[in-house]
Amino acid sequence: MNLGVRWTLHGDGRTPAPGAVVRPEERLTWPRTMGLGAQHVVAMFGASFVAPVLMGLDPNLAIMMSGVATVIFLLATRGRVPSYLGCSLSFVGVAAAIRAGGGDSATVTGAVFVVGVALFLAGLAVQRFGARIIHAAMPPIVTGAVVMLIGFNLAPVTASTYWPQDQWTALLVMLFTGLAVVCLRGFLSRIAIFLGLVFGYVLSWVLDRVFGKIHSPAGGAEAVDHWRLDLSGVGSADWIGLPSFHAPSFEWSAILVALPVVIALIAENAGHVKAVGEMTGDSLDDKLGTAIAADGAASMLSTAVGGPPNTTYSENIGVMAATRVYSTAAYWAAAGFALLFGLCPKFGAVVAAIPGGVLGGITVILYGMIGLLGAQIWINAKVDLSNPLNLVPAAAGIIIGVGGVSLKISDTFELGGIALGTLVVITGYHVLRAFAPAHMKQQRPLLDSGTSAYDSTTPNPAADPGSPTDGPPPATGPGKP
């Protein structure tokens, strides 16, 4: 059985010829491959370490399970889709909403486990019936609206939890991160969020030395005197040890809040597979369903032991594009490094000590970027917002999701926020479409023709005037940032 773990040496294994690419089934010398693997780990630092902290989960376990998830993905795709799976930022809003409703870490991971199951089943369905089922259920207007409301639903978390802890540090970190994103080039621009964290970390330490303690809320409602950067937990943490595990618990209210994220994950995976296929020159359409199912299976395993869900990372696509090295051996090396980091509790303590004010500055940009990915899906697909069929369900769903509108169904069950907003967008669109006149029903597919060709039964749109016109693929998320 070919598991994609055998590689041939590319040339002399040292320096690829000008214009040459190192294909997935090839590798450079092992020292160079290990170096590339380390670079992939650094590339996913920003999102993969910030996400578990924002979700209230163990960062050590998150990084360890990202390595395990990457191994599962590489084995499932037989080494044909070079990818790193890191902690998904799409679930940060879900975690905040569940905790605001009284849920704990077990409730969060239980809800996300169910999303992993849904993603796994969606992957099997795509593998069996083709990508056209995605087009039918989730056209770009629906996908973009759901991604947008998930991102913008996070705004109150920044405004009420992180920013008030140290407003001036938050402001400076926001400015630094914005400059890093815009002004830096190449690889550095792809780790701008991570650089913003490092800047904020150092800034908080300097402010503590110069001005002493700050009087502000420290994760609670009451303002108290506290250090901006509290490293007491780092000194007491062990150098080597297992992260903390816990079992998930399942509550329907939390599950309904989390389920809409599966739409964003399907779009992320589809865009990732298409982007990798274009870079490597291989047709990976037949691996779309497998990639989605593998992501779902990896997220199920991670959340089953108390870790966060995972998704493919666009940051690592950038590393491949910059180096032109697509060897899956480098991703195996990256997975190995992640497992080692996960076994260092002191490293996790350093991550967990990130000051609240620093997170305030980071999340102002990060949460907004997540929400605007929805707008990017609309732009890429040329969604017509002058069409009432598109405008009405998206407008209603976004306001419900962002504003936290709720619908009380019984004394013990309430539907609101992300869950209700997504339900309104999806059902509203399809119900209105059933009654809309024919001229309003022209739509562009979620995936482009290269990916939709996965379905061999799909007619050529150019030969079928009644079929939807093709559009560009959706953007791959930050991890998605």
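As recorded by an unreviewed UniProt entry, the chain carries the name Nitrate reductase and is attributed to Streptomyces albipurpureus. Quoted verbatim from the Sequence similarities (unreviewed entry) heading of the UniProt record, the comment on the chain is "Belongs to the nucleobase:cation symporter-2 (NCS2) (TC 2.A.40) family." Under the heading Subcellular location (unreviewed entry), UniProt records this for the chain: "Membrane".

(A) Structural context of unusual backbone geometry. Positive phi, close to 55 degrees, is recorded for Arg78, a residue that is not glycine. With a phi angle near 55 degrees, Lys382 is a residue other than glycine that sits in the positive phi range. Here Lys382 lies in the loop between α19 (356-380) and α20 (388-403).

(B) Main features of the packing of helix α5 (residues 105-129) against helix α15 (residues 288-304). As a packed pair, α5 and α15 sit with axes 7 Å apart at the nearest point and diverge in direction by 160 degrees. One element, α5, and the other, α15, form an angle in the roughly antiparallel class. Between α5 and α15 lies a crossing whose hand is left-handed. Residues Thr109, Val112, Phe113, Gly116, Val117, Leu119, Phe120, Ala122, Gly123, Leu124, Val126 and Gln127 of α5 form the contact with α15, whose participating residues are Leu288, Gly289, Thr290, Ile292, Ala293, Asp295, Gly296, Ala297, Ser299, Met300, Thr303 and Ala304. Broken down by class, the residue content of the contact of α5 with α15 amounts to 14 nonpolar, nine polar and one charged.

(C) Structural view of the packing of aromatic side chains. Applying the stated criterion to the full structure yields three aromatic pairs. On the numbers, 5.9 Å between centres and 70 degrees between planes, the contact of Phe113 with Phe250 is edge-to-face. Linking Phe113 in helix α5 with Phe250 in the loop between α12 (232-236) and α13 (252-258), this pair joins segments that are 137 residues apart in sequence. Given the relative accessible area of 21%, Phe113 is considered partly exposed. Note on Phe250: relative accessible area 48%, which makes it partly exposed. Ring centres of Phe176 and Phe199 lie 4.3 Å apart, and the angle between their planes is 5 degrees; on these two criteria the pair is classed as stacked. Here Phe176 is found in helix α9 (residues 167-183), whereas its partner Phe199 is found in helix α11 (residues 192-211), with 23 residues between them in sequence.

(D) Representation of a nonpolar patch on the surface. A cluster of nonpolar side chains, contributed by Val198, Val202, Trp205, Val206, Val210 and Phe211, occupies part of the molecular surface with about 580 Å² of accessible area. A relative accessible area of 44% means that Trp205 is categorised as partly exposed.

What counts, and where the lines are drawn
- Residues numbered from 1 in each chain as written.
- Predicted model: local features only at pLDDT ≥ 70, side-chain atom pairs only at ≥ 80, totals over all residues.
- Heavy atoms only, no water.
- UniProt positions renumbered as here; feature names shortened; annotations may be inferred.
- Helix = DSSP H or I, 4+ residues; strand = E, 2+ residues; numbered from the N terminus.
- Axes fitted to C-alpha atoms, helices over the stretch in contact; angles between N-to-C directions.
- Parallel < 35°, antiparallel > 145°, perpendicular 65-115°, else oblique.
- Left-handed = near helix turned anticlockwise from the far one by under 90°.
- Contact = heavy atoms within 4.5 Å.
- Nonpolar A, V, L, I, M, F, W, Y, C, P; charged D, E, K, R; others polar.
- Phe/Tyr/Trp six-rings, centres within 6.5 Å; stacked < 30°, edge-to-face > 60°.
- Buried < 20%, exposed > 50% of the residue type's maximum accessible area, 1.4 Å probe, protein only.
- Patch = residues over 30% accessible without salt bridge, like charges linked within 9 Å, V, L, I, M, F, W, Y side chains within 5 Å.
- Areas by Shrake-Rupley, 256 points an atom, 1.4 Å probe, with all protein chains shown as cover.
- Salt bridge = Lys/Arg side-chain N within 4 Å of Asp/Glu carboxyl O.

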